[in-house]
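Structure assessment
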Amino acid sequence: MGRKKVAIKRIEDKSSRQVTFSKRRNGLMKKARELSILCDVEIGVIVFSSSGKLYQYCSDSSLNKIVDKYTRHIELGVASLNADNEAESYEVELESWKSFAQLVQIIEIELEDPNQEQLGVNDLIKLETQLDHALTHVKAKKTELMMDSIEQLRQKQDNVLEKENDLLKEEVRARNPKN
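In this report, the structure presented in the accompanying data block is examined. Residues take numbers from 1 onward in each chain, read along the sequence in its written order. Only residues with pLDDT of at least 70 are given local features in this predicted model, and only at 80 or more are side-chain atom pairs given and counted; all residues enter the totals for whole chains, interfaces and linings. Excluding hydrogens and water, the side-chain values take into account all heavy atoms of the structure.

**Comments concerning the overall build of the chain**
We apply this condition: Helix and strand labels come from DSSP, where a helix needs a run of H or I of at least four residues and a strand needs a run of E of at least two; each type is numbered from the N terminus. Residue exposure (1.4 Å probe, protein chains only): buried if accessible area is under 20% of the type maximum, exposed if over 50%, otherwise partly exposed. Any pair of residues with heavy atoms lying within 4.5 Å of one another is described as a contacting pair. The protein chains shown are the only cover counted for residues, whose accessible areas, like all others here, come from Shrake-Rupley with a 1.4 Å probe.
The helix and strand tally for the chain stands at four helices and two strands. Helices and strands in the chain line up, N terminus first, as α-β-β-α-α-α. Counting only residues that meet the buried cut, the chain has 15% of its 179 residues in that class. Considering only contacts within the chain whose residues lie at least 6 apart along the sequence, 41% involve residues at least 24 apart. Carbon together with sulfur atoms contributes 55% to the accessible area of the chain, which is approximately 15,500 Å² in total.

**Some thoughts on the pattern of salt bridges**
Convention followed: Salt bridges are counted wherever a side-chain nitrogen of Lys or Arg sits within 4 Å of a carboxyl oxygen of Asp or Glu.
Per the counting criterion, the structure on display carries three salt bridges. Residue R10 is joined to E12 by a salt bridge in which the shortest nitrogen-to-oxygen separation is 3.9 Å. Between E170 and R173 there is a salt bridge, and its shortest N-O distance comes to 3.2 Å. With E170 and R173 both in helix α4 (residues 121-175) and three residues apart, this pair spans about one turn of that helix. Its relative accessible area of 46% is what places E170 among the partly exposed residues. In this structure R173 comes out as exposed when scored by relative accessible area, which is 52%.

**Here we look at a negative patch on the surface**
Note the cut-off: For patches, a residue must show more than 30% relative accessible area and have no salt bridge; joins then use 9 Å for like charges and 5 Å for nonpolar side chains, namely Val, Leu, Ile, Met, Phe, Trp and Tyr. When charges are counted, neither His nor the chain ends are considered; positive counts come from Lys and Arg and negative counts from Asp and Glu. For the purpose of locating charges, the reference atoms are NZ of Lys, CZ of Arg, CG of Asp and CD of Glu.
Together, E144, D148, E151, D158, E162 and D166 give the surface a local cluster of negative charge. Among the structural elements, D158 can be located in helix α4.

**Points about a nonpolar patch on the surface**
On the surface, I46, F48, L54 and V67 cluster together into a nonpolar patch covering about 370 Å² of accessible area. Counting through the fold element by element, F48 comes out in strand β1 (residues 44-48). The exposed category is assigned to F48, whose relative accessible area is 57%.

See below:
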């Protein structure tokens, strides 16, 4: 027999509501603890009851550290969201640049500009994003060239081994004229 589906709505009976809150809160804390152990993650759970009582769970470090980390992440997320929108428009410009060195020169010029103090966080994030994109492109090109070089070396090695094998076959034939 399966369980009956429970409609998710406010429980009217105060004592039933309190019991349900207690059981579900304990279940939530248990799941948070299990997740932090199994997956080696930092978890912070904050629950306020209807009476205003605070219940909290924090894995390993203090809840303040986790909240601070969350706040920084949100602030960076908003800034990077703006930077991502700008980054998409700059990707076309980025592809037109000839080389990584040219990008570095452009960034140096912008940073050495007399108005550098006027550069905001978004401007710096934009520059960082452009530099990251260029660096990723350079790394991908380097990897591609290295893979091509490895493939060429393998082909040369195969050719040398084939020639050496043919020479050895010739030597064997020369020593055994019967075959």
